[in-house]
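Given next are the chains, with one letter for each unit.
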Amino acid sequence: MSLLLILIPLLSSLAIFALRGANVRYVALAAAVANLAVTAAAWAGFDSSAAVNHAFSAPWVPQAGISFSLSMDGISLLLVALTNLLAPLIVLSSYNRSFGQDARYYGLVLMMIGALNGVFLADDGLLFYIFYELALIPIYFICAIWGGDDRIRVTLKFFIYTFIGSLFMLVSLLWVYMQTNVEGHHSFAWTDLVQVQLPEHTANWVMIGFFLAFAVKMPVFPFHTWQPDTYVSAPTGGTMLLSGIMLKMGIYGVIRWMVPLAPEAMHTLAPTFITLAVIGIVYASIIAIKQSDLKRLIAYSSIAHVGLIAAGVLAWNKTGVQGGLIQMLNHGINVVGLFYVVDLLERRLGTRSLSDMGGIAKSAPRFATLFMIITLGAVAVPLTNGFPGEFMLLNGVWKYNFWAGLAAGFTIIFGAVYMLRAYGLAMFGTANESTERFADVEIRDWIVLSAIATLVILLGFFPQIVLNLTDASVNRILGAVQI
Amino acid sequence: MKSLLILFIGAIVVLFAGLGKKKGLLQPLALIASLLALGASVFDLNMGDATGLNERYADMFGFDQYALVFTAVTLVAVSLLIGLTGWGFRTLSDTLGDNLGLILFSVCGALVMFSFQNLTMLFLGIEILSIPLYVLAGSRRDDLASNEAALKYFLMGSFATGILLFGMALVYGATASFDLTRIAAAISDGQHSAGMLNVGILLILIGLSFKISAAPFHFWAPDVYEGSPNLITAFMSTVVKTAGIAAFYRLFAEGFIGAQGFWSTSVAAISAMTMVLANTTAIFQNNFKRMMAYSSISHAGYLLLGILSIGNAASNGAGALLFYTLTYSIATICAFAAYMVVAEQNRDGSFAAFNGLGKKQPLLALMMTIAMLSLAGIPPTAGFFGKYFLFTSALDEYPWLVVLAVINSAISIYYYFKVIIAMYFSREENDYAAPVPAGFRWVMLTALVLIALLTILPGSVYALI
């Protein structure tokens, strides 16, 4: 089952590269839907009381203790579900663009999906690293081929930033690997790596190595400078992949690899990391308020939201981690919805600038409603999906430190300010020539946006679906990793 | 030994067949010789078991597992290169037999360098490898750059050989033998003149560094690489480098292991200097071949990490070198093959020559992309495993050098990506009207399959020695 989740997208991406026909986009959609079906089947057969589900393992380089082993627990399944839920929506949203017929684009998107599934399923340190890097290659090409102006400089900066970050992670991983001893050999298996007891001084360096990789990916202040430019210049599908799924790789890495491998360093380093995350929340929120480019505004809001998730997870108590997990799912859904809206507006109006919009609510009421629901989700209004996650995250950070919790609380206030301001400027106010003629949503847009809006409401009413899924796994990982 | 004989006979046959009229037969003949030799070496290999056969010839040659696997790696590279000669050498029809024969003779020298048990054989191997290359570098007789390259290569090579010979003489003076086992025994007994030995080792180190183009003895490489015909450049940066580093490893692991305390610092310093100088210079290159020259120098720096793992029982430095040279050779040949087609139409040789290749020639561009990603060591390409094995082999004793190597691999992304950026992202597009020659297509597909296999099953090659 786990293997299928990786093989379906990777093989169909190869098939798409080879086919190059006009109808590759349907192949891509079929592959994404097939993957979603496999995910659903995996969820149906999931046993949360067992430590691992759907495990697959094959030796890869046995001499060096590397194996191709995959498995899932509740945390992995949640992220796999996020990835494969968004994949069809992302493919579908790309139909509108000029690359609608381009085989390379769909091949790269599917390759990315396969790699992301691999990241979330990998049970072997080196395999995790390889998938982590593999995910970078397709997104680099997507952003650099189909991006906007200045894309070459921006994407190369993005690539080098993240690649160097991951190299530090590789060094840390290798260091821990060298300390393992399974019958006289080193091993990359997660269970063996977790056993390693590091002296606190070494653990600090190991954790810093991991943190650099994940902090760049999330991104946490001050490693975020690549992010707004890349999000803005990337094509919408690429932005959705980056913000919806790829940044979750960083948070997942913290939960699965960074803290469990070097828990000894948490006492020393967690306060610093949480401080950085909280600074990022406030900083990005303030910048977001001043933005007039809608895409850039959402890019900064993403930094703020991810900062909160990072702070909650790093507090490493049950409320925080559980809140982080549910918020990863919900942020992924909301941000993909928001970027879809931005893409739709840009496609119709030829601009992303808020000052050129206004009065759309009058000419396109259905669109305005759907946009409103997604906006409310992003603002974390109670009974939308954003609320339980943000509430638990704040609670977790609060438990860790009162002042950090207080500062992080600004995310909700600021979030309401910049999101509602953007919504108001775009949808209300006086209409201009182009917004007056703004037609309401077409069927394809309607499918994507209403799917997202349904999820926003559904997960707002029933967060328990997610919490139950991850509960046992979170207990297990918190119990195994004492800090 | 079988491989060596087959190659030698093949070279003579090709040389004489070149006098005849049927030029079309020459390339298949050379390819058959190379593939037969490859088959012979693989046939003798003991798969999955590091203690293979050990043919010894009067303590001069020893065809053990180590020699066989490196022979196989080299012959894979040579076969791929010969596959390119049909089109690559088409302007040399009157001297085609000579050129192919010289390539095969040169490979004989590489085989001797893999199997020597005696310093005189090492010297002969290096000379057999180098002398045909001096001629090949100048094989475009009417081209001034090619002539310059040949002369530079010849002069620098002669200097290096002189220094190497002087070093060997001093080692002989110190240990009273040219035989590797006796040298090792003399060093471990302590019955030798330490000063003379150390100077001798140092001179040999310098001589070999010239051959693998490690800093600060690399200055010949960019000019020679740029001036030589493309195929010969590919040959130099793959076969010659593999032969050099394999001989280096055997000599230091079997002969000079007792003096490790003395030479390991120098090797580490050369490695560090090579990586840093080559990578920082490569960033500023605008010419593809010069960039590849510096890239090849930087890879010499990484390869030296394998030499530093000598004496560490926990790491498999030889296996790492083997895997690295194989992936490096395949990727480099792919890159040069794609470049040869591109350079045919856009002669300036700068990165701009690749503009728009991604749209016009997708297969070529894909090969080039995979080659560049592999050279940069980006997962999951085979080059990543090469770097991984090599870096971990030295991590125990030289963590600082490994960190430096990792930083340098990150720097290298910048210049390897210049090619990718030009191929796919450039708004300007060149014409690539000519179709890809048939031989090239086969070579590239073979190389693609090999890279894929090495990615999926890296352990099977790594564990051969």
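Note on numbering: residues in each chain are counted from 1, in written sequence order. Here the convention is simple: chains get letters from A, ligands get numbers from 1, in the order in which they are written. Only residues with pLDDT of at least 70 are given local features in this predicted model, and only at 80 or more are side-chain atom pairs given and counted; all residues enter the totals for whole chains, interfaces and linings. The side-chain values count all of the structure's non-hydrogen atoms but skip hydrogen atoms and water molecules.

## Focus on the overall build of chain B
Then step 1. Of regular secondary structure, chain B possesses 19 helices and two strands.
Then step 2. For this measure, only C-alpha atoms enter the radius of gyration; the expected value for a globule follows 2.2 Å times N^0.38, where N is the number of residues. What you see for chain B is a C-alpha radius of gyration of 21 Å, in line with the 23 Å of a compact globule of 465 residues.
Then step 3. In chain B, of all internal contacts separated by at least 6 residues, the share reaching a separation of at least 24 is 81%.
Then step 4. The charge count includes Lys and Arg as positive and Asp and Glu as negative, but it does not include His or the ends of the chains. To locate a charge, take atom NZ for lysine, CZ for arginine, CG for aspartate or CD for glutamate. Of the side-chain charges in chain B, 22 are positive and 23 negative, and the distance between the mean point of each set is 9 Å. Put simply, DSSP H or I for four residues or longer makes a helix, DSSP E for two residues or longer makes a strand, and each gets a number counted from the N terminus. Throughout, a contact is declared for two residues whenever any of their heavy atoms are within 4.5 Å.

## Thoughts on the overall build of chain A
Then step 1. In terms of helices and strands, chain A carries 21 helices and two strands.
Then step 2. Along the longest, intermediate and shortest principal axes, the C-alpha atoms of chain A span 75 × 55 × 45 Å.
Then step 3. Three exposure classes are used, based on accessible area relative to the maximum for each residue type with a 1.4 Å probe and protein chains only: buried under 20%, partly exposed in between, and exposed over 50%. A buried classification covers 65% of the 483 residues belonging to chain A.
Then step 4. Once the 24 positive and 24 negative side-chain charges of chain A are each reduced to a mean point, those two points are 8 Å apart.

## A closer look at the interface of chain B and chain A
Then step 1. Across the contact, 31 residues belong to chain B and 31 residues belong to chain A.
Then step 2. Buried area: the accessible area, evaluated with a 1.4 Å probe, that two parts lose upon being put together, summed over both parts. Regarding the contact of chain B and chain A, the summed buried area is about 2800 Å², with carbon and sulfur atoms giving 81% of it.
Then step 3. When residues of chain B are sorted by the area they lose upon contact with chain A, B:Pro379, B:Tyr388 and B:Phe425 head the list and together hold 21% of the total.
Then step 4. The term salt bridge refers to a side-chain nitrogen of Lys or Arg lying within 4 Å of a carboxyl oxygen of Asp or Glu. Viewed at the interface, chain A and chain B are joined by zero salt bridges.
Then step 5. Side-chain atoms alone can form a polar contact between residues adjacent in sequence; in general such a contact is a pair of N or O atoms within 3.5 Å, and within protein one must be able to donate a hydrogen while the other accepts it. Counting across the chain B and chain A interface gives three residue pairs in polar contact (both at pLDDT 80 or more).
Then step 6. For the side of chain B that touches chain A, the secondary structure elements donating two or more residues are helix H15 (362-376), helix H16 (382-395), helix H17 (399-425), helix H18 (438-456) and helix H19 (458-462) of chain B.
Then step 7. By residue number, the principal contributor to the side of chain B that touches chain A is H17(B), which donates nine residues.

## Brief notes about the packing of helix H16 (residues 365-379) of chain A against helix H20 (residues 443-461) of chain A
Residues and elements named next belong to chain A.
Then step 1. Axis geometry follows a simple rule: fit a line to the C-alpha atoms, using only the stretch in contact for helices, then measure angles between N-to-C directions, giving values from 0 to 180 degrees. Where H16 meets H20, the closest approach of the two axes is 9 Å, and the angle between their N-to-C directions is 40 degrees. Taken together, the axes of H16 and H20 are oblique relative to one another. The hand of the H16/H20 crossing is left-handed. The residues of H20 that touch H16, namely those facing Arg366, Phe367, Leu370, Ile373, Ile374 and Gly377, are Trp446, Leu449, Ser450, Ile452, Ala453, Val456 and Ile457. Angle categories: roughly parallel below 35 degrees, roughly antiparallel above 145, roughly perpendicular from 65 to 115, and oblique for all the rest. Definitions for this section: a left-handed crossing has its near helix turned counterclockwise from the far helix by less than a right angle. A right-handed crossing has that turn clockwise.

## Observations concerning the packing of aromatic side chains
Then step 1. Only centres within 6.5 Å qualify two rings of Phe, Tyr or Trp (six-membered ring in Trp) as a pair; their planes then separate them into stacked at under 30 degrees, edge-to-face at over 60, and tilted for everything else. Taken as a whole, this structure holds 64 aromatic pairs over all chains when the rule is applied.
Then step 2. When the ring of A:Phe221 is compared with that of A:Tyr283, the centres are 5.1 Å apart and the planes differ by 55 degrees; the resulting orientation is tilted. Of this pair, A:Phe221 sits in the loop between helix H9 (200-217) and helix H10 (226-233) while A:Tyr283 sits in helix H12 (residues 266-290); the two residues are 62 residues apart in sequence, bridging distant segments of the chain.
Then step 3. A relative accessible area of 36% places A:Tyr283 in the partly exposed class.
Then step 4. Ring plane angle 65 degrees and centroid distance 5.4 Å describe the contact between B:Phe384 and B:Phe385, whose orientation is recorded as edge-to-face. There is no split in this pair, since B:Phe384 and B:Phe385 are both buried.
Then step 5. Two conditions define a charge located above a ring, namely a distance within 6 Å from the ring centre to NZ of Lys or CZ of Arg, and an angle within 35 degrees of the ring normal. A cation over an aromatic ring shows up here: A:Lys217 above the ring of A:Tyr132, its NZ or CZ 4.4 Å from the ring centre.
Then step 6. Sitting over the ring of A:Trp190, A:Arg256 keeps its end group 5.8 Å from the ring centre.

## Quick notes on the nonpolar core
Then step 1. The biggest cluster of nonpolar side chains holds 386 residues, and the ones touching the most others in it are A:Phe367, B:Phe288 and B:Met372.
Then step 2. For this core, the element with the highest residue contribution is helix H13 (residues 317-345) of chain B, accounting for 21 residues. Buried Ala, Val, Leu, Ile, Met, Phe, Trp, Tyr and Cys residues form a nonpolar core when they are joined through side-chain atoms within 4.5 Å.

## Observations regarding helix H3 (residues 65-88) of chain B
Then step 1. A helix is expected to span 1.5 Å multiplied by its residue count minus one. Given a rise of 1.5 Å per residue, 24 residues ought to cover 34 Å, and the 34 Å separating the end C-alpha atoms of H3(B) matches this to within 8%.
Then step 2. Most of H3(B) is tucked away, with 21 of its 24 residues classed as buried.

## Re the pairing of strand E1 (residues 53-61) of chain A
Residues and elements named next belong to chain A.
Then step 1. Only strands that DSSP links by at least two bridges are regarded as paired with each other. For E1 and strand E2 (residues 66-72), the ladder comprises six bridges, and the chain directions are antiparallel. Pairing of Val61 across the sheet is with Ile66, part of E2.
Then step 2. If you look at the hairpin formed by E1 and E2, you'll find four residues sitting between the two strands, and Gly65 has a positive phi there, around 70 degrees.

## Regarding the pattern of salt bridges
Then step 1. Inspection of every chain in the model, using the stated rule, returns 17 salt bridges over all chains.
Then step 2. Across the salt bridge formed by A:Arg296 and A:Asp229, the nearest N and O atoms sit 3.3 Å from each other. Taken together, the residues span a long stretch of sequence, with A:Arg296 in helix H13 (residues 294-314) and A:Asp229 in helix H10 at a distance of 67 residues.
Then step 3. Among the ionic pairs, A:Arg352 bridges to A:Asp293, the shortest N-O distance being 3.1 Å. Here A:Arg352 is found in the loop between helix H14 (318-349) and helix H15 (360-363), whereas its partner A:Asp293 is found in the loop between H12 and H13, with 59 residues between them in sequence.
Then step 4. What you see here is one network of salt bridges that share partners, running through B:Glu148, B:Lys152, B:Asp223, B:Glu226 and B:Arg290.

## Topic: the environment of A:Leu269
Residue and element names in this part refer to chain A.
Then step 1. On the secondary structure map, Leu269 appears in helix H12.
Then step 2. Judged by relative accessible area, Leu269 falls into the buried class, the value being 11%.
Then step 3. Remark: the alpha-carbon pair of Leu269 and Thr319, spanning 50 residues in sequence, is separated by 20 Å.
Then step 4. When neighbours within four sequence positions are excluded, Leu269 is seen to be in contact with Asn204, Met207 and Ile208.

## Thoughts on unusual backbone geometry
Then step 1. Following A:Phe221, the chain continues to A:Pro222 via a peptide bond in cis, the omega torsion being 0 degrees.
Then step 2. Counting through the fold element by element, A:Pro222 comes out in the loop between H9 and H10.
Then step 3. Look at the link from B:Pro379 to B:Pro380: it is a cis peptide, with omega at 0 degrees.
Then step 4. For B:Ala58, which is not glycine, the phi torsion reads 50 degrees and is therefore positive.
Then step 5. Relative to the helices and strands, B:Ala58 resides in the loop between strand E1 (55-57) and strand E2 (61-63).

## Thoughts on the packing of helix H8 (residues 194-212) of chain B against helix H10 (residues 230-255) of chain B
Residues and elements named next belong to chain B.
Then step 1. H10 packs onto H8 with a crossing angle of 160 degrees between their chain directions and a minimal axis gap of 9 Å. The orientation of H8 with respect to H10, classified from their angle, is roughly antiparallel. For the element pair H8 and H10, the recorded crossing hand is left-handed. Residue-level inspection shows Ile201, Ile204, Leu205, Leu208, Lys211 and Ile212 of H8 in contact with H10, the latter providing Val240, Lys241, Gly244, Ile245, Phe248, Leu251 and Phe252.
Then step 2. Classifying every residue of the contact of H8 with H10 by side-chain character gives 10 nonpolar, one polar and two charged. In this classification, the charged set is Asp, Glu, Lys and Arg, the nonpolar set is Ala, Val, Leu, Ile, Met, Phe, Trp, Tyr, Cys and Pro, and all remaining amino acids, among them Gly, are polar.

## Comments concerning a nonpolar patch on the surface
Then step 1. Excluding any residue in a salt bridge, patches collect residues exceeding 30% relative accessible area, merging like charges within 9 Å and nonpolar Val, Leu, Ile, Met, Phe, Trp and Tyr side chains within 5 Å. We get accessible surface area from the Shrake-Rupley algorithm with a probe of 1.4 Å; when it comes to residues, only the shown protein chains can shield them. Side chains of B:Leu5, B:Phe8, B:Ile9, B:Ile12, B:Val13, B:Phe16, B:Leu19, B:Leu25 and B:Leu29 sit close together on the surface and give an oily, nonpolar patch of about 840 Å² of accessible area.
Then step 2. Among the structural elements, B:Phe8 can be located in helix H1 (residues 2-17).

## Some thoughts on the confidence of the model for chain A
Then step 1. The score called pLDDT rates the predictor's confidence residue by residue, from a low of 0 to a high of 100. On average, residues of chain A carry a pLDDT of 86, and 99% of them reach 70 or more.
Then step 2. Element-level pLDDT for chain A is lowest in helix H19 (residues 433-436) of chain A, with a mean of 74, against a maximum mean of 91 in helix H5 (residues 125-134) of chain A.

## Describing H10(A)
Then step 1. Most of H10(A) sits out of view: seven of its eight residues are buried.
Then step 2. Where H10(A) is concerned, the buried positions are A:Trp226, A:Gln227, A:Pro228, A:Thr230, A:Tyr231, A:Val232 and A:Ser233.

## Notes on the confidence of the model for chain B
Then step 1. Averaged over every residue, the pLDDT of chain B is 88; residues scoring 70 or more account for 98%.
Then step 2. In the predicted complex, the global pTM is 0.89; the interface-specific ipTM is 0.84.

## Looking at the side chain of A:Thr162
All names here are of chain A.
Then step 1. Looking at the element boundaries, Thr162 is found in helix H7 (residues 151-179).
Then step 2. At 3.1 Å, the side chain of Thr162 forms a polar contact with the backbone oxygen of Phe159.
Then step 3. The residues touching Thr162, leaving out its near neighbours within four places in the chain, are Leu136, Val216 and Lys217.

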